[in-house]
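Next come the chains, spelled out residue by residue.
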2 protein chains.
Amino acid sequence: MSSESAFLDWLRQRAPSSSDAAPLGLEDDAALIRVRGPGDWILTTDMLMDGTDFLLSECDARLAGRKALAVNLSDLAAMAARPHVALVSVALPRRDGHHLGRQLYEGILDLANRFDVTLAGGDTNSWDGPLVISVTLAGTATQPGPLLRTGARPGDSIVVTGQFGGSILGHHLCFVPRVAEALHLNDEYALHAGMDVSDGLTLDLSRLAQASGCGAVLDLDTVPIAPAALQLASLRNDGTSALDHALGDGEDFELLLAVPVEEADRLVAEQPLDVPLTRIGQFVDEPGLWAALPDGRRQTLSPSGYLHQMDG
Amino acid sequence: MSSESAFLDWLRQRAPSSSDAAPLGLEDDAALIRVRGPGDWILTTDMLMDGTDFLLSECDARLAGRKALAVNLSDLAAMAARPHVALVSVALPRRDGHHLGRQLYEGILDLANRFDVTLAGGDTNSWDGPLVISVTLAGTATQPGPLLRTGARPGDSIVVTGQFGGSILGHHLCFVPRVAEALHLNDEYALHAGMDVSDGLTLDLSRLAQASGCGAVLDLDTVPIAPAALQLASLRNDGTSALDHALGDGEDFELLLAVPVEEADRLVAEQPLDVPLTRIGQFVDEPGLWAALPDGRRQTLSPSGYLHQMDG
């Protein structure tokens, strides 16, 4: 039997004790975050649970820890913010908790190091339930200001990074959050709006359109389909096509952007990132979501994606 | 069957949509926190689980939500910081999740309103496990700077607010975080160090002393014992005295302060708060924790309090 304090001793040794952004380290009740000059802070939080967001029976706890930080990094990328400090709360299963906690934090700290994020505090608990991790990430907005969901205008092109679908086959545990990509695009191009695709391409697109008070028309032929989406359609063989997987699987953690049409022409022509940028449709006046038909008409498209179901 | 989106619609209506500190409301991937002038931000997070921090079978979910915010407010009070915005992540049991979620947020929002805290974002999940709530609270340090654990010096008096012990009988669900008290004391008196008592008076005192590189001697006769500690000792009748409960029960959420001796004289004489301030001992050179004996000698005291137990 070892206790929380032994685990926290290990964590203090393993995690950098302080940084410019979090000068106090892990000693106090709360983390002190030092502000340099004016600017807006961006805060985001996500909770991941064993059995829902990962299966500890099938994956290393390092990957669960990595994902818990990565989804938060993706949320900051969605707003073109620069990440600085993270707080990590965990409920560790009492059985094997120390070992599991170490693996979990190894995964978190490796990714944190890669993205210049300091672990500034948190809360370590143990219980008889499954593993739960909640990460809060604090960053700063960059010039020309944060990318919001509300800025898309009719006529804007819909532009995405990367490919979609089949994330469950592995991508959701090892994706690279599009932080650098978002910072570069927001710096070099005039973007109107953006978000990351976490719940499903069509569901998240319909949310972005709704937040901006407009609608969206997708050119289905242009949606970049991940090899994993083809593989999943073939494996499951249940009538769900690879395109269906791309439109609704979620956990792609790619950027979904509203870009003025001439700027989108330039963006797609220049391809300034290591990951492909693809125009997949346009925003329109009328609220709703449609697929563009070859004859120029539109067909209503039902948003698909992940929603947490709950009773009454 | 109703879904996450119906719940989020309810939440958006119920929670104030924006504030000076969080001008964007609940729409985007992350919360934008507006900084006014220079100053350090203080961030804290705590995770509470059904069965560990509260029993939903015995208490209203409003009280669980209230506690989840209150413990974070107490962490900011520990550093004499002013709270501004909260992020709330929850894992709701799928069964009755919508109803439970509403009650939970009612409890959070009532207390948030009382402490001028804006709910700036979060993450709502459902699963087959018990209720888990993780709250992150962001505030700002006030003049003359944040209260830290590291500033206690040998000779400083140990001063506490309120009374200790027996919190499990109800106090842990309805305590008022000492935010206003900490701000007032830090503003009006020269405090050397401070924290809140969450895990146990002696355990937390030994942590504060250790962080400051000194030791502490308690005058056991002066420790303010809560009526609930007497009641618990009597109810359980297991040889644990009311004083034992006061020294180690935890969840008192009172302030524990290191105050220069003359300043402590003034503080205790003036009693500037609605809650009593009591001197219960002093910090000393030699690391460790002791009880003062009537003859002037010291007896070693084992820190007692709550530690999360976990295996290997």
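What you see as residue numbers is a count from 1 along each chain, following the sequence as written. Note on labels: chains are lettered from A, ligands numbered from 1, in written order. At least 70 in pLDDT is required for a residue's local features to be given in this predicted model, at least 80 for side-chain atom pairs to be given and counted, and no such filter applies to totals for whole chains, interfaces and linings, which use all residues. To obtain the side-chain values, all non-hydrogen atoms of the structure were used and water was disregarded.

Bringing the packing of aromatic side chains into the picture now. Put simply, two rings from Phe, Tyr or Trp (the six-membered ring, in Trp's case) pair if the centres are within 6.5 Å, and we call them stacked under 30 degrees between planes, edge-to-face over 60, tilted for the rest. Scanning the model with the defined rule gives three aromatic pairs over all chains in all. Residues A:Trp127 and B:Trp127 carry aromatic rings whose centres are separated by 6.5 Å and whose planes lie at 20 degrees to one another, so their mutual orientation is stacked. Of this pair, A:Trp127 sits in strand β5 (residues 118–127) while B:Trp127 sits in strand β5 (residues 118–127), placing the two residues on different chains. Comparing A:Trp127 with B:Trp127 shows no difference in burial state: the two are buried. For helices the rule is a DSSP run of H or I covering at least 4 residues; for strands it is a run of E covering at least 2, with both sets numbered from the N terminus onward. Remark: exposure states derive from per-residue accessible area (1.4 Å probe, protein chains only) relative to the maximum for the residue type, with buried under 20%, exposed over 50%, and partly exposed in between.

Once that is clear, we can look at helix α6 (residues 201–211) of chain B. Residue and element names in this part refer to chain B. With eight of eleven residues buried, α6 lies mostly within the body of the structure. Considered for burial, the residues of α6 that qualify are Leu201, Thr202, Leu203, Asp204, Leu205, Ser206, Leu208 and Ala209. Downstream of α6 by one or two residues, Gly213 has phi in the positive range, about 70 degrees.

Okay, the sheet that holds strand β2 (residues 31–33) of chain B next. Two strands make a pair as long as DSSP finds a minimum of two bridges between them. Strand order across the open sheet formed by five strands is β5(A)-β4(A)-β6(A)-β3(A)-β2(B), with mixed pairing between neighbours. In this open sheet, the two edge strands, each paired with only one partner strand, are β5 of chain A together with β2 of chain B. Taken pair by pair, the neighbouring strands of this sheet meet at an average axis angle of 20 degrees, ignoring direction. Where strand β4 (residues 81–93) of chain A lies against strand β6 (residues 132–141) of chain A, ten bridges are found, and the strand directions are antiparallel. The residue bridging A:Ser89 from the neighbouring strand is A:Ser134, located in β6(A). Inter-axis angles, ranging from 0 to 180 degrees, are taken between N-to-C directions of lines fitted to C-alpha atoms, where helices are fitted over the stretch in contact.

This paragraph deals with the sheet that holds strand β9 (residues 215–218) of chain B. All names here are of chain B. Strand order in the open sheet made by the seven strands is β8-β10-β7-β11-β9-β12-β13, with mixed pairing throughout. Only two strands of the sheet have a single neighbouring strand rather than two, namely β8 (193–196) and β13 (298–300). Taken pair by pair, the neighbouring strands of this sheet meet at an average axis angle of 30 degrees, ignoring direction. Across four bridges, β9 lies against strand β11 (residues 277–284) in antiparallel orientation. Each bridged residue has a counterpart across the sheet, and for Leu218 the counterpart in β11 is Gly281.

It is worth spelling out the confidence of the model for chain A at this point. Looking at chain A, the pLDDT average stands at 91 and 91% of residues meet or exceed 70. The complex prediction reports pTM at 0.91, with the ipTM value standing at 0.88. For every residue, the predictor states its confidence as a pLDDT score lying anywhere from 0 to 100.

A few words on the packing of helix α2 (residues 61–78) of chain B against helix α3 (residues 97–114) of chain B. Residue and element names in this part refer to chain B. The interhelical angle for the contact between α2 and α3, taken along N-to-C directions, is 40 degrees, at an axis separation of 6 Å. Overall, the two elements α2 and α3 adopt an arrangement that is oblique. Viewed along their axes, α2 and α3 form a crossing whose handedness is right-handed. Judged by residue contacts, Ala61, Arg62, Ala64, Gly65, Arg66, Leu69, Ala70 and Leu73 of α2 engage Leu100, Gln103, Leu104, Glu106, Gly107, Ile108, Leu111, Ala112 and Arg114 from α3. The residue classification treats Ala, Val, Leu, Ile, Met, Phe, Trp, Tyr, Cys and Pro as nonpolar and Asp, Glu, Lys and Arg as charged. All others, Gly included, are polar. Of the residues in the contact of α2 with α3, the class split is ten nonpolar, three polar and four charged. Should an angle lie under 35 degrees it is considered roughly parallel, over 145 roughly antiparallel, and from 65 to 115 roughly perpendicular; all remaining angles are considered oblique. Each crossing gets its hand from how the near helix is turned against the far one by less than a right angle, where anticlockwise is left-handed and clockwise is right-handed. Here, residues are in contact when the closest pair of their heavy atoms is within 4.5 Å.

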